[in-house]
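Now for the letters of each chain:
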Amino acid sequence: QQYHVHFPELNQDGNYDVCIIGGGLTGLSSALHLIDQKHKVILLEADTIASKASGVNGGQVLNSYECEMEFFEKEFGDEIAEKFWDLSLDAVEIVKSNIKKYNINCGWRAGSGVVAYKEKHIATLEDDYETKKSKYGYENIKLYSAKETRELIGSDKYYGLLYDSNNGH
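Per chain, residues are indexed from 1 in the order of the written sequence. Given that this is a predicted model, residues contribute local features only at a pLDDT of at least 70 and side-chain atom pairs are listed and counted only at 80 or more, while totals for whole chains, interfaces and linings are drawn from all residues. Side-chain measures were taken over the full set of non-hydrogen atoms in the model, leaving aside hydrogen atoms and water.

**Examining the overall build of the chain**
Here a strand is any run of E in DSSP of at least two residues, a helix any run of H or I of at least four, and the numbering for each starts at the N terminus. Counting its secondary structure elements, the chain contains 6 helices and 5 strands. Secondary structure elements of the chain occur, N-terminal to C-terminal, as β-α-β-α-α-α-β-α-β-α-β. The C-alpha atoms of the chain give 20 Å as radius of gyration, which overshoots the globular expectation for 169 residues (15 Å, by more than 25%). Judged by the C-alpha coordinates and their principal axes, the chain covers about 65 × 40 × 25 Å. C-alpha atoms define the radius of gyration, and 2.2 Å times the number of residues to the power 0.38 defines the globule rule.

In structure tokens form, the structure reads like this:
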């Protein structure tokens, strides 16, 4: 469901601490946090707020990164990789906090899962599970076997599931 809200055009000079260009999720979140810190903020958006990628995403709130943590470890070393991991956890908590603080009725559903739809994919899930558990001390994940996955979701098409109870959508 899209909401169309008319905002005024910028047609005069103003005195602001921060100017944010772009009203996607990043721009809106940045503006919100800066305003909470008592900064005078103006947000400029050429189109409708959250009308591009921010408005058509699947609403997933996930820790980690598309490239997986091994990329950061190889590229920057373990210390920096751990900081990236912590940032991803913080990002999830910021979303949850905003939902609660601003009473956003978004139908939040806790949890996310990645399934292995080919037998060879289970090794990737196992590696991700081990990395997050042992290297980052992350306890909010569970690795399900093919049998457990079948019992949980009622389908025999998958070879396993990596479930994260801290994430959501």
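**Considering helix 1 (residues 25–36)**
Taking 1.5 Å as the rise per residue, helix 1 with 12 residues should run 16 Å; its terminal C-alpha atoms sit 16 Å apart, in good agreement. Remark: Lys 38 follows helix 1 within two positions and exhibits a positive phi of approximately 75 degrees. By this rule, a helix spans an expected 1.5 Å times one less than how many residues it contains.

**Regarding the packing of aromatic side chains**
Between 30 and 60 degrees the pair is tilted, below 30 it is stacked and above 60 it is edge-to-face, where a pair is any two Phe, Tyr or Trp rings, Trp via its six-membered ring, whose centres lie within 6.5 Å. Using the criterion set out here, one finds 9 aromatic pairs in the structure. For the pair Phe 71 and Phe 76, a centre-to-centre distance of 6.4 Å together with 85 degrees between the ring planes defines the contact as edge-to-face. With 6.4 Å between their ring centres and 25 degrees between their planes, Phe 72 and Phe 76 make a pair best called stacked. Residue Phe 72 and its partner Phe 76 are both found in helix 3 (residues 68–76); the two are separated by 4 residues, about one turn of the helix. Each residue is placed in one exposure class: buried if its accessible area under a 1.4 Å probe, protein chains only, is under 20% of its type's maximum, exposed if it is over 50%, and partly exposed if it falls in between. You can call Phe 72 buried: its relative accessible area is 7%. By relative accessible area, Phe 76 is classed as partly exposed at 44%. If you follow Lys 40 out to its NZ or CZ, it ends over the ring of Tyr 16, 5.2 Å from the centre. Comment: the charge-over-ring label is applied if NZ (Lys) or CZ (Arg) is within 6 Å of the ring centre and within 35 degrees of the ring normal.

**Here we look at the confidence of the model for the chain**
On a range of 0 to 100, pLDDT expresses the predictor's confidence in each residue. Confidence along the chain averages 92 in pLDDT terms, with 98% of residues attaining 70 or more. Within the chain, no element has a lower average pLDDT than helix 2 (residues 53–56), which sits at 77, and none a higher one than strand 4 (residues 141–144), at 98.

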